[in-house]
Amino acid sequence: YYSELKFIQFLNMLFKDDEHIKLIHSGDEYFVKMKEIIENAQEEIHLQTYIFENDETGNDIANCLKEAAHRNVKVYILLDAYGSSSLSDNFIKDLQQSGIFFRFFSPLFSVNNFYLGRRMHHKVIVADAKFAIIGGINIANKYRGKESDEPWLDYAIKLDCPAAQDLQKLCRDYFFKDRSSKKIKPVLHSAGKTLVGIRQNDWLKNKTEVCDSYTNSINQAKNEIVIVSSYFLPGRRLNNAIIGACKRKVKVTLILAGISDVPLIRNATSYLYSLFLKQNVLIYEWNNSVVHGKAAVVDNKWSTIGSFNLNDLSCYGSIEMNVEIHSPYFSELLRSDFQNIINQCNEVTIDTIYKNTSFISRFVNYMAYRMVRAAILFL
């Protein structure tokens, strides 16, 4: 996998417009780029993420942020109260004593680790309204990996373009509980010859931009759709869009989790395999590590990367953010990366389903699907 990544990174270097937009993989690559943004910041940093753990990776990023605060850079951290609930009071106090502005994004209601309401699912850092990274990667060791363990499979995008201005306004909105970002329209910004847009999903604020962009792109697809997805349980709208593309003879490929950190959701996803396989969807399972990516390429000209999972929780229950990229070259670059992943995956077919699973396991998958669909909006 890593030798093939070097080839993808070489292609990335050849991308002349890549001065403004870069594909980033989970692992050291992501955290090195994040630290570069922090270390080069001069005025203001916003970090918003779902999970921030007190481990080697978390402390490395925390120390870098504290050094920025000591340089009189204003540092704002917004973490999800549920996803980052393991952080100790001492860890948070240390950040605040270093001059960092810290806040948890709290749900509507919570009692004894039961949380009801929206989740802050962003994975974003932006500095000085100029440089930003958006993706699906949280701050923890499992996203960085070790020599013996591959990092969780995930992606992010580094931006150096006017879209970073919109992103900083959006981050300030959520940190300060402002509403000025409602005036920000989902426009496309120029990044060299590439067009880039920040897309949000926050159903309570009537923002369904990520879901809309996925649905519209799938509905307009003519040749090929490739999706990398963790926790793949599309609702009716996205489900119908995918099936509609299949009926138009569009080649649809799904790269899904062979290993999941939430086994119940993997079982629920497995229940859908037969439905999609009957529509001639190609399904591949990645078993080298946990799949956590949320990315797609359509017709080698449109792509998206971010925090948005293809399920109803992301559509209606979480605050999500993706980057939408209109660029044939970047889409081909990402598509090549996907192909390297596919080459290491196990293909799922109707024959392998019935060969490798029993009637009981298929019934368990069915029950998991029903349970998750009923509960997902309340997680």
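Look up a bit, the structure's there.
Cut-offs and rules
Residues numbered from 1 in each chain as written. Predicted model: local features only at pLDDT ≥ 70, side-chain atom pairs only at ≥ 80, totals over all residues. Heavy atoms only, no water. Pairing = 2+ DSSP bridges. Helix = DSSP H or I, 4+ residues; strand = E, 2+ residues; numbered from the N terminus. Axes fitted to C-alpha atoms, helices over the stretch in contact; angles between N-to-C directions. Contact = heavy atoms within 4.5 Å. Buried < 20%, exposed > 50% of the residue type's maximum accessible area, 1.4 Å probe, protein only. Patch = residues over 30% accessible without salt bridge, like charges linked within 9 Å, V, L, I, M, F, W, Y side chains within 5 Å. Areas by Shrake-Rupley, 256 points an atom, 1.4 Å probe, with all protein chains shown as cover. Salt bridge = Lys/Arg side-chain N within 4 Å of Asp/Glu carboxyl O. 1 Å grid on protein atoms, 1.4 Å probe; cavity = no way out; pocket = protein on both sides within 12 Å on 5 of 7 lines; lining within 4 Å. Points joined across faces, edges and corners; volume = space filled by probe spheres on them. Nonpolar A, V, L, I, M, F, W, Y, C, P; charged D, E, K, R; others polar. Right-handed = clockwise from strand over helix to strand, strands pointing away. Parallel < 35°, antiparallel > 145°, perpendicular 65-115°, else oblique. Polar contact = N/O pair within 3.5 Å; in protein donor to acceptor, adjacent residues only side chain to side chain.

(A) Looking closely at the sheet that holds strand 8 (residues 123-127). Reading across the sheet, the seven strands line up as 1-10-9-8-2-3-4 and stay open at both edges, with mixed pairing between neighbours. Both edges of this open sheet fall to strand 1 (21-25) and strand 4 (101-105), since each of them pairs with a single strand only. On average, each strand axis in the sheet is tilted by 15 degrees relative to the strand beside it, whichever way the strands run. Sheet topology places strand 1 next to strand 10 (residues 155-160); five bridges connect them, and they run antiparallel. The residue bridging isoleucine 24 from the neighbouring strand is alanine 156, located in strand 10. Contacts from helix 6 (residues 163-176) reach strand 2 (44-49), strand 3 (74-80), strand 4, strand 8, strand 9 (131-135) and strand 10, with the element oriented near 70 degrees to strand 2.

(B) The pairing of strand 16 (residues 282-286), seen in detail. Counting buried residues along strand 16, four of its five residues qualify, which places the element largely inside the surrounding structure. For strand 15 (residues 251-257) and strand 16, the ladder comprises five bridges, and the chain directions are parallel. Within the sheet, the bridge partner assigned to leucine 254 lies in strand 16 and is isoleucine 283. The sheet contact formed by strand 16 and strand 20 (residues 346-348) spans three bridges and is antiparallel.

(C) Spatial organisation of a nonpolar patch on the surface. Residues Leu264, Phe359, Ile360, Phe363, Val364, Met367 and Met371 make up a contiguous nonpolar surface patch of roughly 710 Å² in combined accessible area. Here the nonpolar patch takes six residues from helix 13 (residues 359-375), the largest share from any one element. As for its placement among the helices and strands, methionine 367 is situated in helix 13.

(D) A look at the layout of surface pockets. Roughly 420 Å³ of internal volume is contained in the second largest pocket. Lining the second largest pocket we find 20 residues, and of these Ser270, Tyr273, Ile353, Thr357 and Asn365 sit closest to its centre. Secondary-structure elements contributing two or more residues to the lining of the second largest pocket are helix 9 (263-277), strand 20, helix 12 (350-356) and helix 13. Element by element, the count of residues in the lining of the second largest pocket is highest for helix 9, at eight residues. Here the residues of the lining of the second largest pocket sort into eight nonpolar, eight polar and four charged.

(E) Looking closely at unusual backbone geometry. The phi dihedral of tyrosine 231 falls on the positive side, at around 55 degrees, and the residue is not glycine. Counting through the fold element by element, tyrosine 231 comes out in the loop between strand 14 (224-229) and helix 8 (236-247). Even without glycine at this site, aspartate 299 takes up a positive phi of about 55 degrees. In this fold, aspartate 299 is placed in the loop between strand 17 (294-298) and strand 18 (302-306). Its relative accessible area of 15% is what places aspartate 299 among the buried residues.

(F) Local environment of the environment of lysine 301. Residue placement: lysine 301 occurs in the loop between strand 17 and strand 18. Here the alpha-carbon distance between lysine 301 and glutamate 332, two residues 31 residues apart in the chain, equals 7.5 Å. Filtering out sequence-adjacent residues up to four positions away, lysine 301 remains in contact with Ile325, His326, Ser327, Pro328 and Ser331.

(G) Molecular detail of the pairing of strand 4. Relative to strand 4, strand 3 is paired through five bridges, and the arrangement is parallel. Along strand 4, the bridge assignment pairs tyrosine 76 with phenylalanine 101. For the crossover from strand 3 across helix 4 (residues 89-97) to strand 4, the handedness is right-handed.

(H) Spatial organisation of empty space enclosed by the protein. Summed over the entire model, instances satisfying the criterion amount to two cavities of 30 Å³ or more. A volume near 70 Å³ is recorded for the largest cavity. For the lining of the largest cavity, the elements supplying multiple residues, two or more each, are strand 15 and helix 9. For the lining of the largest cavity, the element with the highest residue contribution is helix 9, accounting for four residues. Of the residues that constitute the lining of the largest cavity, the class distribution is six nonpolar, three polar and one charged.

(I) Broad picture of the pattern of salt bridges. Under the counting rule described, the total for this entry stands at 12 salt bridges. One salt bridge connects glutamate 285 with arginine 266, and the closest N-O pair in it is separated by 2.9 Å. Separated by 19 residues along the polypeptide, glutamate 285 in strand 16 and arginine 266 in helix 9 bring together distant segments of the chain. On the accessibility criterion, glutamate 285 (10% relative accessible area) is buried. Overlapping salt bridges, with partners in common, bring together Asp28, Lys35, Asp60 and Arg144 in one network.

(J) Just the packing of helix 9 against helix 13, in detail. The contact between helix 9 and helix 13 brings their axes to 7 Å, and the two run at 110 degrees. When the interaxial angle is binned, helix 9 and helix 13 end up roughly perpendicular. Of helix 13, the residues touching helix 9 (which contributes Leu264, Ile265, Asn267, Ala268, Ser270, Tyr271 and Leu272) are Val364, Asn365, Tyr366, Ala368, Tyr369 and Val372. In terms of residue class, the contact of helix 9 with helix 13 is made up of 10 nonpolar, three polar and no charged.

(K) Spatial organisation of the environment of glycine 306. The residue glycine 306 is located in strand 18 in this model. Leave out the neighbours within four places in its chain, and glycine 306 touches Gly135, Gly136, Lys294, Met321 and Asn322.

(L) Geometry of the environment of glutamate 209. Checked against the element boundaries, glutamate 209 lands in helix 7 (residues 209-220). Residue classification places glutamate 209 among the buried positions, given a relative accessible area of 15%. Separated by 10 residues in the primary sequence, glutamate 209 and arginine 199 place their C-alpha atoms 5.4 Å from one another. Those residues in contact with glutamate 209 that lie beyond four places of it in its chain are Pro186, Ile198, Arg199, Gln200 and Asn201. Within polar-contact distance, the side chain of glutamate 209 engages the backbone nitrogen of glutamine 200 at 2.8 Å.

Note that every value here comes from positions in space, so none of it alone points to a role or purpose.
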